[in-house]
Structures are given as structure tokens and as C-alpha cells.
Amino acid sequence: VDDLMQQKMHPDITPVAVANPMVATMNVMRVSLLTSLLNTASEWQRRQHERIRLFEVGNVFSRQGNSTSERRLCSGLLSGSKYPLQCGQKDKEIDFYDAKEDVLSIVSSQIKHQITFIESDHHFLHPGKSANLILNGQEVGFVGVLHPHIQKQFKLKRQVVIFSCEEMLLDSTN
């Protein structure tokens, strides 16, 4: 992925360098799935898509000292109207609660009741419109509105709500 854009989202995570990148700007492994989702949403908005729903399940990598860690995450992005354009239906912008509901719908029913939400302090999320997912005292994900400063850097015109969680939370029956 593009190291500069990834650094804007995750300055505190050390990425794993790619030895022989095919493109100079794609010189590190991804530390999050969100950078590519945000780039895709930006491109879709540029092409006049008003209602965007994206998700991805994939591996992310980071360097901790001399070792490399690999995790599997599920991340998603929502932007635009909550409902498709319909006659007689008022336009309502997607919000934090819609994304929280989506996250809970994909979490395994066996652990859903054990998850708590606490206010998030991630710099790329809007304060007061975001939460961390906590399971057994550990942060296992987050959901929230993208901070306006980050939204502007990705050239996103409409509010964007994002989420990310550990794959082990997912309900395998969905």
C-alpha cells in the first residue's frame, strides 16, 4: 500500500517494508484494511456514487522489533444515504449507530452479549462519534465516524463511517 496515506491513518504502527515493490509508492505491507477502503470510496465518490457500502476480510502486517506479526481483520466503510433513493422516503445520512448495528449483525451470537463499547481515542475517528469494541478486557475492534481532517485528506465529500474487528469475532454461519 501507499506508505504516506497509511502513515496518516496509523502513525504509531511500524509497517513491514516490501523488498522489491512493483510500484515505488506501494512499498510497504498494509497495517490496516481501511486505507484501501478509503481510497476506493474516494474514487467511487469522484465517479458520482452517492451511496457506498464496502467491506473486506484480509490479513494485515506490522513490525514489532525484529519480528513481524500478522492478523486477520474484517473492516468496512459506509457512506451516503441510509436507504436507497425511494419515492416518499426522506434521505437520511448513514451514522455511527447504523455501523454499530452492522458490526453487531456479523459478530458471533455466542460472544455478542460479551462485547462492550467504550469511547474510542483513535485519532482517525471523530471524538464522541466512535467506540472501541471490548471483549474480555481487550480491544478487538472499533466503529466510528471518520475524523473530518482524515476525510479531507482522502478527498471524501460525504461523511464516512468505518469499522474494523478481529476475524475471530465473526459469525461463521452468516
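Residues numbered from 1 in each chain as written. Predicted model: local features only at pLDDT ≥ 70, side-chain atom pairs only at ≥ 80, totals over all residues. Heavy atoms only, no water.

**Some thoughts on the pairing of strand E4 (residues 125-135)**
Pairing of strand E3 (residues 116-119) with E4, which is carried by four bridges, proceeds in the antiparallel orientation. Each residue of the ladder has a partner; that of Phe 117, found in E4, is Leu 133. Taking the residues between adjacent antiparallel strands as the criterion, E3 and E4 are bridged by five residues. In this sheet, strand E5 (residues 138-146) lies alongside E4 in antiparallel orientation, the contact comprising seven bridges. Note on E5: the bridge partner recorded for Asn 132 is Phe 142. Taken together, E4 and the strand that follows it, E5, pair antiparallel across an intervening segment of two residues, in which Asn 136 is found at a positive phi of about 50 degrees. (Pairing = 2+ DSSP bridges. Helix = DSSP H or I, 4+ residues; strand = E, 2+ residues; numbered from the N terminus.)

**Some points on helix H3 (residues 96-106)**
Because each turn of an α-helix spans 3.6 residues, side chains separated by three or four positions end up pointing in the same direction. Among the residues of H3, those classed as buried are Phe 96, Asp 98, Ala 99 and Val 103. Seen along its axis, H3 keeps its buried residues to an arc of 165 degrees; they face one direction. Turned more than 90 degrees from where H3 packs its buried face, Tyr 97 and Glu 101 sit exposed. Residues of H3 that are buried make contact with strand E2 (67-79), E4, E5 and strand E6 (160-166). Where H3 begins, the side chain of Asp 95 points an oxygen toward the backbone nitrogen of Tyr 97, at a separation of 3.1 Å. (Buried < 20%, exposed > 50% of the residue type's maximum accessible area, 1.4 Å probe, protein only. Arc of directions from axis to C-beta. Contact = heavy atoms within 4.5 Å. Polar contact = N/O pair within 3.5 Å; in protein donor to acceptor, adjacent residues only side chain to side chain.)

**Examining the environment of Ile 162**
If you trace the backbone, Ile 162 turns up in strand E6. On the basis of relative accessibility, which here comes to 0%, the residue Ile 162 falls in the buried class. Between the alpha carbons of Ile 162 and Leu 77 there is a distance of 4.5 Å; along the sequence they are 85 residues apart. Beyond its immediate sequence surroundings of up to four residues, Ile 162 is in contact with Leu 34, Leu 38, Gly 76, Leu 77, Phe 124, Leu 125, Phe 142, Val 143, Gly 144 and Leu 146.

**Structural notes on the sheet that holds strand E1 (residues 52-64)**
On the basis of which strands lie adjacent, the open sheet formed by six strands has the order E1-E2-E6-E5-E4-E3 and antiparallel pairing. Whereas interior strands pair on both sides, the edge strands pair on one side only; in this sheet they are E1 and E3. Adjacent strand axes in the sheet meet at a mean angle of 25 degrees when their direction is disregarded. Sheet strands touched by helix H2 (residues 34-46): E1, E2, E5 and E6. Its angle to E1, the strand with the most contacts, is close to 145 degrees. Running over the sheet, H3 touches E2, E3, E4, E5 and E6 and is turned about 145 degrees from E5. (Axes fitted to C-alpha atoms, helices over the stretch in contact; angles between N-to-C directions.)

**Overview of a nonpolar patch on the surface**
A cluster of nonpolar residues, Met 22, Val 23 and Met 26, forms a patch on the protein surface that exposes about 360 Å² of accessible area. Within the secondary structure layout, Met 26 lies in the loop between helix H1 (3-9) and H2. Taking the relative accessible area as the measure of exposure, Met 26 reaches 42% and is therefore partly exposed. (Patch = residues over 30% accessible without salt bridge, like charges linked within 9 Å, V, L, I, M, F, W, Y side chains within 5 Å. Areas by Shrake-Rupley, 256 points an atom, 1.4 Å probe, with all protein chains shown as cover. Salt bridge = Lys/Arg side-chain N within 4 Å of Asp/Glu carboxyl O.)

**A word on the packing of aromatic side chains**
When we look at a pair of aromatic rings, we describe it by the centre distance and by the angle of the planes. Under the counting rule described, the total for this entry stands at two aromatic pairs. With a centroid separation of 5.4 Å and 65 degrees between ring planes, the pair formed by Phe 124 and Phe 142 is classed as edge-to-face. Here the residue Phe 124 occupies a position in the loop between E3 and E4, and Phe 142 occupies one in strand E5, the gap between them amounting to 18 residues. A relative accessible area of 3% places Phe 124 in the buried class. On the basis of relative accessible area, Phe 142 is assigned to the buried category, the value being 8%. (Phe/Tyr/Trp six-rings, centres within 6.5 Å; stacked < 30°, edge-to-face > 60°.)

**A closer look at the pattern of salt bridges**
Under the counting rule described, the total for this entry stands at ten salt bridges. With its nearest N and O atoms 3.0 Å apart, the salt bridge here joins Lys 82 to Asp 98. Here the residue Lys 82 occupies a position in the loop between E2 and H3, and Asp 98 occupies one in helix H3, the gap between them amounting to 16 residues. Each of Lys 82, Lys 92, Asp 95 and Asp 98 takes part in salt bridges that share partners, so that together they form one network.

Purely geometric numbers; function is a separate question.
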